[in-house]
Amino acid sequence: MQQLKMDHKELNNTNTRHKFSKKNKIKRGVWNILSIILFRPFKLRLFKKWRVFVLRMFGAKVSWKAMVNADVKIWAPWNLVMGDYACLGPKVDCYNQGLITIKDNATISQKTYLCASSHDYTKKSHPLFLAPIVIEKKVWVAAGAFIGPGVTVGEGAVVGAKAAVFKNVEAWSVVGGNPAKFIKKRNLE
């Protein structure tokens, strides 16, 4: 019993906190300030290329043909890759401490949460780990879904609204629920 008490004492904010480099913190600070000035106010579709330009200035690899809504929340543009006609819909939260790749013709619908990091709860120090998310071509992630760290959503798949995805999704399948489960194959007419 004494050992158990000691283990819980050792778990505190001092020894569980992940430390990002000063350079990373400065870049995020500059991004957070400049995104308020240069990115978010430009809501009209007319400014689509301007928003891509601003993201590219911060290291994002975003196609000029991609669509990124002005009210998207992007943690680190330098960890974002988007292909032709890829879309981040309104109010998407792109928590990309790790790399997030959204390939051609993939749509991430409104209020979706993409999370490319988590904590290892099996270790005392509860360390942060980064795990990339890959959204393959022709995927549709419906409104309010959650895509967890390390997940690949296969080509042509559909993730249902409000689904919580913690494991890879097979190509051309439809998944839904929490946790997301296979519903059926996606067949195009």
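This one's a predicted model, so the numbers in the text were calculated from it and none came from an experiment.

### Overview of the overall build of the protein
Then step 1. Counting its regular elements, the protein contains 4 helices and 19 strands.
Then step 2. Counting the 189 residues in the protein, one finds 42% classified as buried.

### Concerning a nonpolar patch on the surface
Then step 1. A cluster of nonpolar side chains, namely Trp50, Phe53, Met57 and Trp64, defines an oily patch on the protein surface of about 380 Å² accessible area.
Then step 2. Secondary-structure assignment places Trp64 in the loop between β1 (61–62) and β2 (67–68).
Then step 3. Trp64 gets classed as partly exposed once you look at its relative accessible area, which sits at 34%.

### Let's talk about a positive patch on the surface
Then step 1. Residues Lys43, Lys91, Lys111 and Lys162 make up a contiguous surface patch of positive charge.
Then step 2. With respect to the element layout, Lys162 can be found in the loop between β16 (158–159) and β17 (164–165).

### Observations regarding the sheet that holds strand β18 (residues 173–176)
Then step 1. Reading across the sheet, the 7 strands line up as β2-β5-β8-β13-β16-β18-β19 and stay open at both edges, with mixed pairing between neighbours. A single partner strand is all that each edge strand has here, and the edge strands are β2 and β19 (181–185).

### A word on the packing of aromatic side chains
Ring pairs (aromatic) are described by centroid distance and by the angle formed between their planes.
Then step 1. This model, assessed by the stated rule, comprises 9 aromatic pairs.
Then step 2. Of the aromatic side chains, those joined through ring pairs into one cluster are Trp75, Tyr95, Tyr113, Phe146 and Phe166.
Then step 3. In this arrangement the basic side chain of Lys27 is found over the ring face of Trp78, its NZ or CZ atom lying 4.2 Å from the centre.

### Brief notes about the pairing of β18
Regular strands have side chains that alternate between both faces of the sheet.
Then step 1. With burial as the criterion, each face of β18 is covered, one bearing Ser173 and Val175 and the other bearing Val174 and Gly176.
Then step 2. Bridge analysis of β16 against β18 gives 2 bridges, and the strand direction is parallel. By the bridge assignment for β18, Val159 is matched with Val175.
Then step 3. Across 4 bridges, the pairing between β18 and β19 is antiparallel.

### Examining the sheet that holds strand β3 (residues 73–74)
Backbone-to-backbone hydrogen bonds join strands into a sheet, with any given pair of strands oriented parallel or antiparallel.
Then step 1. If you trace the 5 strands from one edge of the open sheet to the other, you get β3-β6-β9-β14-β17, paired in parallel fashion. Edge strands, defined here as strands with exactly one partner in the open sheet, are β3 and β17.
Then step 2. Note that strand β6 (residues 93–95) and strand β9 (residues 113–115) share 3 bridges and pair parallel. Bridge pairing in β9 links Asp93 to Tyr113.

### A word on the environment of Val81
Then step 1. Residue position: Val81 is located in strand β4 (residues 80–82).
Then step 2. A residue is classified by how much of its surface remains accessible, and Val81, at 25% relative accessible area, is partly exposed.
Then step 3. Residues in contact with Val81, not counting those within four places in the same chain, are Lys61, Leu99, Ile100, Thr101 and Ile102.

### Things to note about the nonpolar core
Then step 1. Residues Leu80, Leu88, Ile102 and Ile147 are the most contacted members of the largest nonpolar core, which totals 38 residues.
Then step 2. Looking at this core, the elements that each hand over two or more residues are α4 (48–57), β4, β7 (100–102) and β12 (133–135).
Then step 3. Counting residues per element, this core draws most heavily on α4, which supplies 3 residues.

### Concerning α4
Then step 1. Taken residue by residue, α4 has Arg51, Val52, Val54 and Leu55 as its buried positions. Buried residues of α4 fall within an arc of 160 degrees about the axis and therefore sit on the same side.
Then step 2. Residues of α4 that are buried in the fold lie against α3 (22–38), β1, β2 and β3.
Then step 3. Remark: Gly59 follows α4 within two positions and exhibits a positive phi of approximately 95 degrees.

### Description of the confidence of the model for the protein
Then step 1. Put simply, the protein has an average pLDDT of 90, and 90% of its residues get 70 or more.
Then step 2. Segment residues 1–17: pLDDT under 50, and 9 contacts once partners within four positions in sequence are set aside and those in other chains are kept.

### What about the side chain of Asn79?
Then step 1. Looking at where Asn79 falls in the secondary structure, it is placed in the loop between β3 and β4.
Then step 2. A polar atom in the side chain of Asn79 sits 2.9 Å from the backbone oxygen of Gln97.
Then step 3. Sequence-distant contacts of Asn79, that is, excluding residues within four places in its chain, are made with Asn96, Gln97, Gly98, Leu99 and Ile100.

Cut-offs applied
- Residues numbered from 1 in each chain as written.
- Predicted model: local features only at pLDDT ≥ 70, side-chain atom pairs only at ≥ 80, totals over all residues.
- Heavy atoms only, no water.
- Helix = DSSP H or I, 4+ residues; strand = E, 2+ residues; numbered from the N terminus.
- Buried < 20%, exposed > 50% of the residue type's maximum accessible area, 1.4 Å probe, protein only.
- Patch = residues over 30% accessible without salt bridge, like charges linked within 9 Å, V, L, I, M, F, W, Y side chains within 5 Å.
- Areas by Shrake-Rupley, 256 points an atom, 1.4 Å probe, with all protein chains shown as cover.
- Salt bridge = Lys/Arg side-chain N within 4 Å of Asp/Glu carboxyl O.
- Lys, Arg positive; Asp, Glu negative; His and termini not counted.
- Charge placed at Lys NZ, Arg CZ, Asp CG, Glu CD.
- Pairing = 2+ DSSP bridges.
- Phe/Tyr/Trp six-rings, centres within 6.5 Å; stacked < 30°, edge-to-face > 60°.
- Lys NZ or Arg CZ within 6 Å of the ring centre and 35° of its normal.
- Contact = heavy atoms within 4.5 Å.
- Core = buried A, V, L, I, M, F, W, Y, C linked by side-chain atoms within 4.5 Å.
- Arc of directions from axis to C-beta.
- pLDDT = per-residue confidence, 0-100.
- Polar contact = N/O pair within 3.5 Å; in protein donor to acceptor, adjacent residues only side chain to side chain.

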